[in-house]
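Results of the structural survey
One letter stands for each residue in the lines below.
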Amino acid sequence: MAWYCTGSSNTELVENLFRTNLIKDERVKRAMIGVDRGHYAPSRPYSDSPQPIGHGATISAPHMHGHACEYLINFLKPGCRVLDIGSGSGYLTHVFANLVTDHPSPGSATGQVIGVDHIPQLVELANHNMRKSDQGRELLESGTVRFITADGRRGWKEDAPYDAIHVGAAAETLHPALIDQLRAPGRMFIPVAAEDQNPGRRTSSHGGQYIWIVDKMEDGSIQKERIFPVSYVPLTDSPK
Ligand SMILES: C[S@@+](CC[C@H](N)C(=O)[O-])C[C@H]1O[C@@H](n2cnc3c(N)ncnc32)[C@H](O)[C@@H]1O
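Residues numbered from 1 in each chain as written. Predicted model: local features only at pLDDT ≥ 70, side-chain atom pairs only at ≥ 80, totals over all residues. Heavy atoms only, no water.

You'll find the protein chain entered in an unreviewed UniProt entry as Protein-L-isoaspartate O-methyltransferase, with Aspergillus nanangensis given as the organism. What UniProt states about the protein chain under its Sequence similarities (unreviewed entry) heading is, verbatim, "Belongs to the methyltransferase superfamily. L-isoaspartyl/D-aspartyl protein methyltransferase family." (UniProt positions renumbered as here; feature names shortened; annotations may be inferred.)

This is the structure:
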């Protein structure tokens, strides 16, 4: 589908994703139009494909960013708090910030988004990328967005609980710390490398990866659903 969606500008790319039904939600469309992917992807920013960003990492494909936002949309309302693990280029963290501040409507509730990556140079890059637009700079300066260097498998408990947690690299298991840090109600979008349908177990990566949606219900109970197969780089120990 990637070749159908490529545009000559950020707006054209997002409009094409919408036209081909890869994005269906108007709020997601608006939030993605509000973040120029050209500030985050050094090459072919307006094609619907992942691109290298250095340090062995990639910015994910725009349709995957759209899917992540749409699965989390009810937990990305103005005022919500979000944890973006494996924040890499910072692109999706910025899109989440637009959703939880409902940019550009003035006077709406302001949420918060924490981006976590374990490579300090990528945390620096994400800050640098966001500063390319006045709006991104304001989100950083107001503390609405913060990027932190840490091992995302442990989450970031200092700012928990989170209405939404997005994981941008494949986990070996459903890390309990992440579930602990979800608000009740709250939702996590996480790729898990698993050979069976039980992401609570530690498994090898040979059986492929699936996106799992994990809901913490109002009463604290957990519901998990396997959604679709994917191919993500793994969550790893930080490089030496
Ligand atoms: C496919 S990239 C996605 C980046 C980002 N979502 C984007 O689209 O620009 C996966 C990211 O996960 C990060 N990562 C891998 N293992 C990690 C870990 N244990 N803790 C935090 N980040 C990790 C990598 O450094 C990389 O930036």
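Attention shifts here to the nonpolar core. Counting residues in hydrophobic clusters, the biggest one holds 50 residues, and the most contacted among them are Met32, Leu76, Tyr91, Val95, Phe96, Val145 and Phe189. Top contributing element to this core by residue count: helix 5 (residues 91-101), with seven residues. With residues up to four places along the chain from it excluded, the contact list for Tyr91 reads Met32, Val35, Arg37, Tyr40, Ile59 and His65. With 23 residues, the next largest nonpolar core counts Leu83, Ala171, Leu182 and Trp212 among its residues. (Core = buried A, V, L, I, M, F, W, Y, C linked by side-chain atoms within 4.5 Å. Buried < 20%, exposed > 50% of the residue type's maximum accessible area, 1.4 Å probe, protein only. Helix = DSSP H or I, 4+ residues; strand = E, 2+ residues; numbered from the N terminus. Contact = heavy atoms within 4.5 Å.)

What follows covers the sheet that holds strand 9 (residues 222-230). Pairing is mixed in the open sheet, where seven strands are placed in the order 5-4-3-6-7-8-9. At either margin of the open sheet sits one strand with a lone partner, and together these are strand 5 (145-149) and strand 9. Put simply, the sheet's adjacent strands are angled 15° from each other on average, direction ignored. Two strands pair when backbone bridges link them, and strand 4 (residues 112-117) and strand 5 are joined in this way by five bridges, in the parallel orientation. Bridging across to strand 5, Ile114 finds its partner in Arg146. Its contacts with the sheet put helix 4 (residues 62-72) on strand 6 (162-167), strand 7 (182-193), strand 8 (209-216) and strand 9, and the angle it makes with strand 7 is roughly 150°. (Pairing = 2+ DSSP bridges. Axes fitted to C-alpha atoms, helices over the stretch in contact; angles between N-to-C directions.)

Okay, the packing of aromatic side chains next. Tallied over the entire structure, the rule returns three aromatic pairs. Ring geometry for Tyr71 and Phe189: centres 6.1 Å apart, planes at 40°, overall tilted. Highlighted residues: Tyr71 in helix 4 and Phe189 in strand 7, separated in sequence by 118 residues. In this structure Tyr71 comes out as partly exposed when scored by relative accessible area, which is 29%. For Phe189, a relative accessible area of 0% corresponds to the buried category. Measuring from centroid to centroid gives 6.1 Å for Tyr71 and Phe228, while their planes differ by 40°, and the two rings are tilted. Taken together, the positions of Tyr71 in helix 4 and Phe228 in strand 9 put the pair 157 residues apart, joining distant regions of the chain. (Phe/Tyr/Trp six-rings, centres within 6.5 Å; stacked < 30°, edge-to-face > 60°.)

Turning our eyes to something else, we now look at the pairing of strand 9. Side chains on a regular strand alternate between the two faces of the sheet. In this structure, strand 8 lies alongside strand 9, joined through eight bridges in antiparallel fashion. Bridging from a neighbouring strand, Lys216 pairs with Ile222 of strand 9.

Moving on: the packing of helix 2 (residues 10-19) against helix 3 (residues 26-33). At a minimum axis separation of 9 Å, helix 2 and helix 3 run at an interaxial angle of 160°. In terms of orientation, helix 2 and helix 3 fall into the roughly antiparallel class. Relative to helix 3, the crossing made by helix 2 is right-handed. Counting all contacts with helix 2, which are made through Asn10, Thr11, Val14, Glu15, Leu17 and Phe18, the residues of helix 3 involved are Glu26, Lys29, Met32 and Ile33. Grouping the constituent residues of the contact of helix 2 with helix 3 by class yields five nonpolar, two polar and three charged. (Parallel < 35°, antiparallel > 145°, perpendicular 65-115°, else oblique. Left-handed = near helix turned anticlockwise from the far one by under 90°. Nonpolar A, V, L, I, M, F, W, Y, C, P; charged D, E, K, R; others polar.)

Turning to the side chain of Thr93, a few remarks are in order. By the element assignment, Thr93 lies in helix 5. Among residues more than four places away in sequence, those in contact with Thr93 are Asp84, Ser87, Val113, Gly115, Val145 and Phe147.

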